[in-house]
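# Working through the structure, step by step
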Amino acid sequence: MYLIYKTRTIPKLIIAQHALLKRLPPTHQKYEKIRTDLYNRKAGFGGEREFDYQLREFAPSYPHAVLHDLYIKQDQVYFQIDSLLITPSVIVLFEIKNIAGKLQIKQNPTQFIRETATGERTVLRSPIEELERKKYFLGNWLKQRQIDVPLTDFVVFAYNNELIIENMAAHRIAFSYEMPNKLRALEMNTPILNEKQVQRLAYELTHAHRVFEPHPLIQKYKLSLEELEVGVTCHVCNRLTMKWRLRIWRCQACGYQDAVSHLNTLQEWYYIKGAQLTNRQFRQFSGIHSRHIAKRLLANPYTELSGKNKTSIYQLAPQLLAMSTNLSF
């Protein structure tokens, strides 16, 4: 049986960039840059999902656990693992790439060189070196828990690229469709972990996972709030066309109604501006005119009020980022 202990979800950065792009006029000078960033992130996520699909074929008889998209802190450093396989004899880390074009891979120093159809060449950051870094921190995380299991890794390309590999062993590089056979061929030495220990380690890693919070995008892209369009997003048609009428949100474009669209707007604020806002900022961002209506809407389980009158500030809870989104792939 294929045992997944942590599934993969839509990356928070994709949700954040989508929320920002929706509020930025298409004529804005940074619109194309953000749209390209979003496209690349979606392509990367698509590659990860292709890997997940191919890995379903791997169903060994020995105890094992699969965890996708881990984000862990060790030695005051956060590191992210695309996918992880725990077996009784070895732990496998996967770095998944979805890169278009021809790739030339060299060693000493390790270089990944991409060549596009037009002949343009770009030197990419080495995923092999990234895996070495992640193995180092994961190894320290395991040592703190008195767990001594060998670590190995694979750089996985989601789809078929033309690869030219020079002066280095290619056993750490594979396409997604090759991974089930690669894993079946792994040498399993004397078991170090029994079934309960594999399960316990998987649960510990899942518990250690931290939700990645993207840096506020208004800072990342050097934007001001005044450059963004205001309004509340319709969960169906994804337009900023919701209006608060008689204690319910109604979409002026498609007619959809609900009572909690302001929570999605607070989520968008969190991604775009950060975890704090005032009543006035909420009104400006959502297009609500009444301070009293805004106050009632801000009195919800995801906000905590501090201060009084003009010094009042609402702190948004990280749980807002775990709310559902209407994005799908």
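Values in this document were obtained by computation on a predicted structure and should not be read as measured data.

## Describing the overall build of the chain
- Each helix and strand counted, the chain has nine helices and 16 strands in total.
- In terms of overall dimensions, the chain has a C-alpha envelope of 70 × 50 × 35 Å along the principal axes.
- Expressed as a percentage of its 329 residues, the buried residues of the chain come to 46%.
- Contacts in the chain between residues at least 24 apart in sequence constitute 63% of all its contacts with a sequence separation of at least 6.
- For the chain, the exposed area adds up to about 17,600 Å²; of that, 49% sits on carbon and sulfur atoms.
- Averaging the positions of the 45 positive and the 30 negative side-chain charges in the chain gives two centres separated by 11 Å.

## A look at unusual backbone geometry
- Despite not being glycine, Q76 shows a phi value in the positive range, around 65°.
- Relative to the helices and strands, Q76 is located in the loop between β2 (65-74) and β3 (77-86).
- Classification of Q76 by relative accessible area gives exposed; the value is 67%.
- Here the phi dihedral of K222 falls at roughly 55°; this positive angle occurs in a residue that is not glycine.

## Section: the nonpolar core
- Ranked by internal contacts, the top residues of the largest apolar core, which has 41 residues, are L20, L266 and F282.
- Those residues in contact with F282, other than ones at most four positions away along the chain, are H262, L266, L277, I288, A294, L297 and L298.
- Grouped together as the second largest cluster of nonpolar side chains are 32 residues, I72, I81, L142 and V198 included.

## Overview of the packing of helix α7 (residues 261-272) against helix α8 (residues 279-286)
- Axis separation between α7 and α8 bottoms out at 11 Å; the angle between their running directions is 105°. The angle between α7 and α8 falls in the class roughly perpendicular. Contacts between α7 and α8 involve H262, T265, L266, E268, W269 and I272 from the first element and Q281, F282, F285 and S286 from the second.
- Among the residues forming the contact of α7 with α8, the class breakdown is five nonpolar, four polar and one charged.

## So, the side chain of H68
- Along the chain, H68 turns up in strand β2.
- A residue is classified by how much of its surface remains accessible, and H68, at 2% relative accessible area, is buried.
- Within the local environment of H68, its side chain forms a polar contact with the side chain of R8, the two groups lying 3.1 Å apart.

Calculation rules
- Residues numbered from 1 in each chain as written.
- Predicted model: local features only at pLDDT ≥ 70, side-chain atom pairs only at ≥ 80, totals over all residues.
- Heavy atoms only, no water.
- Helix = DSSP H or I, 4+ residues; strand = E, 2+ residues; numbered from the N terminus.
- Buried < 20%, exposed > 50% of the residue type's maximum accessible area, 1.4 Å probe, protein only.
- Contact = heavy atoms within 4.5 Å.
- Areas by Shrake-Rupley, 256 points an atom, 1.4 Å probe, with all protein chains shown as cover.
- Lys, Arg positive; Asp, Glu negative; His and termini not counted.
- Charge placed at Lys NZ, Arg CZ, Asp CG, Glu CD.
- Core = buried A, V, L, I, M, F, W, Y, C linked by side-chain atoms within 4.5 Å.
- Axes fitted to C-alpha atoms, helices over the stretch in contact; angles between N-to-C directions.
- Parallel < 35°, antiparallel > 145°, perpendicular 65-115°, else oblique.
- Nonpolar A, V, L, I, M, F, W, Y, C, P; charged D, E, K, R; others polar.
- Polar contact = N/O pair within 3.5 Å; in protein donor to acceptor, adjacent residues only side chain to side chain.

In short, geometric facts, not functional conclusions.
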